[in-house]
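# Architecture at a glance
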Amino acid sequence: MQYKCVNELDKFDFQEAVLEALDLNGDLLCVSLSSGIAKYNNPCNTKYVDCYIAETQIRLKNPCIDRFFLEGPRYYDANDVLLEAVPDQEILPTEYGAAMQKLISGAVYTFREKSASGDAERCCEIAVDVGDDTYWMEIRYEKIIVEWDRFRNRVEE
């Protein structure tokens, strides 16, 4: 890959990117996305405006999934009054592989850094929409590496 950023997830926006691959293998979580946005303050972005980027490879070193769940739906009436809230459905560690396969071809709702409990650790949350369902993962990791080959057009407002 031509471009590489380490521990700078806040310099990207992956909302609406398509999840092409997700693989948890020992001490590495590999995520492939169809595209994304390198923000104006990204160290590799010499145009200083938000730009689309081509296919993106993301690696999280020494990941630890703190929480993986299917978000429970909430039902409202016409006056925006909550009628029913279905609880979130936790996904067990033994089911991670099968649940991750369901996420392939889903649209990323969010992929952002979150404050971690420890000083040496980093944390992110990922939400992927699959049909009418939204899956969330909260992951602690040691290091995140984002790589891509080329920039595309600038993002129009």
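Here, every reference points to the structure presented above.
Criteria and thresholds
Residues numbered from 1 in each chain as written. Predicted model: local features only at pLDDT ≥ 70, side-chain atom pairs only at ≥ 80, totals over all residues. Heavy atoms only, no water. Salt bridge = Lys/Arg side-chain N within 4 Å of Asp/Glu carboxyl O. Helix = DSSP H or I, 4+ residues; strand = E, 2+ residues; numbered from the N terminus. Buried < 20%, exposed > 50% of the residue type's maximum accessible area, 1.4 Å probe, protein only. Contact = heavy atoms within 4.5 Å. Phe/Tyr/Trp six-rings, centres within 6.5 Å; stacked < 30°, edge-to-face > 60°. Lys NZ or Arg CZ within 6 Å of the ring centre and 35° of its normal.

With the rule as written, the count across this model stands at 9 salt bridges. For E55, the salt bridge goes to R152, with nearest N and O atoms at 3.6 Å. Taken together, the residues span a long stretch of sequence, with E55 in the loop between strand 6 (51–53) and strand 7 (56–61) and R152 in strand 16 (residues 151–154) at a distance of 97 residues. When its relative accessible area of 31% is taken as the criterion, R152 is described as partly exposed. Taking the shortest distance from any N to any O, the salt bridge between R112 and E125 comes out at 2.4 Å. Of this pair, R112 sits in strand 12 (residues 107–114) while E125 sits in strand 13 (residues 122–130), and the two are 13 residues apart along the sequence. By relative accessible area, which is 8% here, E125 ends up buried. Through salt bridges with shared partners, a single ionic network connects R67, D88 and E90.

On to the environment of D27. Tracing the backbone shows D27 in the loop between strand 3 (19–25) and strand 4 (28–33). A sequence separation of 88 residues divides D27 from S115, and the C-alpha atoms of the two residues are 21 Å apart. The contact partners of D27, leaving out residues within four places of it in the chain, are L60, K61, N62 and P63.

The next point concerns the packing of aromatic side chains. Scanning all chains against the criterion turns up 9 aromatic pairs. A ring pair is formed by F12 and F14, whose centres lie 5.5 Å apart and whose planes are at 10°; its orientation type is stacked. Residues F12 and F14 agree in their burial class; the two are buried. Geometrically, the ring pair formed by F68 and Y96 is tilted, given 5.4 Å between the ring centres and 50° between the ring planes. Taken together, the residues F68 in strand 8 (residues 64–70) and Y96 in helix 1 (residues 96–103) connect sequence positions 28 residues apart. We classify Y96 as buried; its relative accessible area is 13%. In textbook terms, an aromatic cluster arises when at least three aromatic residues are bridged by ring pairs, as seen for Y3, F12, F14, F111, W148 and F151. Geometry around F69 places R67 over its ring, the cationic atom sitting 3.9 Å from the centre.

So, to be careful, I would describe these as geometric facts and stop short of saying anything about function.
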